[in-house]
Amino acid sequence: VQLQASGGGLVQAGGSLRLSCAASGRTLSTSVKGWFRQAPGKEREFVASISRDGVSSYYADSVKGRFTISRDNANNTVDLQMNNLKPEDTAVYYCAARGSSITVISTSKSQYYYWGQGTQVTVSS
């Protein structure tokens, strides 16, 4: 089982990026998924999560109204659309998944069992 994140890059403040995470293994196709980020010298923090059916989502206050999480269970992907990016959004972004039998969204990184390798997002001022 693997998660592969992509889509990071360098963008100016106010710009947009779309991150994508592809999961291998059918067990993760409907698991609760989330995005986290880690800036240099800081703890990994929650960004957004989405329910198994994509109906419910939850966002950190710092990204609410700017970021949108979505998923495509048929293709086993979860995306993070990031608009109006700010320099403080600069971090390595990680996608994560909870166990396949778990139905509850969580904002805690300790509740996610599977992790991708991360993709760098840099926002210049």
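Here the structure is shown first, and the text comes after it.
Just so you know, these numbers come straight off a predicted model, no measurement behind them.

1. Looking at the overall build of the protein chain
Step number 1: Of regular secondary structure, the protein chain possesses zero helices and eleven strands.
Step number 2: For the protein chain, the succession of helices and strands along the chain, N to C, is β-β-β-β-β-β-β-β-β-β-β.
Step number 3: The C-alpha radius of gyration computed for the protein chain amounts to 13 Å, which stays within 12% of the reference 14 Å derived for 125 residues, consistent with globular compactness.
Step number 4: Taken along its principal axes, the extent of the C-alpha atoms in the protein chain is 40 × 25 × 25 Å.
Step number 5: By residue count, 42% of the 125 residues in the protein chain fall in the buried class.
Step number 6: Sequence-distant contacts, at least 24 apart, represent 60% of the contacts inside the protein chain between residues at least 6 apart.
Step number 7: Of the roughly 6200 Å² of accessible surface on the protein chain, a fraction of 47% belongs to carbon and sulfur atoms.
Step number 8: In the protein chain, 13 positive and 8 negative side-chain charges are present, and the distance between their average locations comes to 4 Å.

2. Remarks on the side chain of Arg98
Step number 1: For Arg98, the location among the structural elements is in the loop between strand S9 (91-97) and strand S10 (114-115).
Step number 2: At a separation of 2.9 Å, a polar atom in the side chain of Arg98 contacts the side chain of Gln111.
Step number 3: Among all residues touching Arg98, those that are not within four sequence positions of it are Leu28, Ser31, Val32, Val104, Ile105, Ser106, Gln111, Tyr112, Tyr113 and Tyr114.

3. Brief notes about the packing of aromatic side chains
Step number 1: Summed over the entire model, instances satisfying the criterion amount to six aromatic pairs.
Step number 2: With 5.7 Å between their ring centres and 75 degrees between their planes, Phe36 and Phe46 make a pair best called edge-to-face. Pair noted here: Phe36 is in strand S4 (residues 33-38) and Phe46 is in strand S5 (residues 45-50), with a separation of ten residues, a long-range link.
Step number 3: What makes Phe36 buried here is its relative accessible area of 0%.
Step number 4: Since its relative accessible area comes to 12%, Phe46 is described here as buried.

4. Comments concerning the side chain of Ser106
Step number 1: Note that Ser106 resides in the loop between S9 and S10.
Step number 2: Here Ser106 falls in the buried class, since its relative accessible area comes to 10%.
Step number 3: Of the polar contacts made by the side chain of Ser106, one reaches the backbone nitrogen of Ser108; its length is 3.1 Å.

5. Considerations on the pairing of strand S11 (residues 119-124)
Step number 1: Burial of the side chains of S11 is restricted to one face: Thr119, Val121 and Val123 are buried, whereas none of Gln120, Thr122 and Ser124 on the reverse face is.
Step number 2: The sheet contact formed by strand S2 (residues 9-12) and S11 spans four bridges and is parallel. Residue pairing in the sheet places Gly9 in a bridge with Val121 of S11.
Step number 3: As paired strands, S9 and S11 are joined by three bridges and run antiparallel to one another. Bridged to Val92 within S11 is Gln120.

About the criteria used
Residues numbered from 1 in each chain as written. Predicted model: local features only at pLDDT ≥ 70, side-chain atom pairs only at ≥ 80, totals over all residues. Heavy atoms only, no water. Helix = DSSP H or I, 4+ residues; strand = E, 2+ residues; numbered from the N terminus. Rg over C-alpha atoms; globule rule 2.2 N^0.38 Å. Buried < 20%, exposed > 50% of the residue type's maximum accessible area, 1.4 Å probe, protein only. Contact = heavy atoms within 4.5 Å. Areas by Shrake-Rupley, 256 points an atom, 1.4 Å probe, with all protein chains shown as cover. Lys, Arg positive; Asp, Glu negative; His and termini not counted. Charge placed at Lys NZ, Arg CZ, Asp CG, Glu CD. Polar contact = N/O pair within 3.5 Å; in protein donor to acceptor, adjacent residues only side chain to side chain. Phe/Tyr/Trp six-rings, centres within 6.5 Å; stacked < 30°, edge-to-face > 60°. Pairing = 2+ DSSP bridges.

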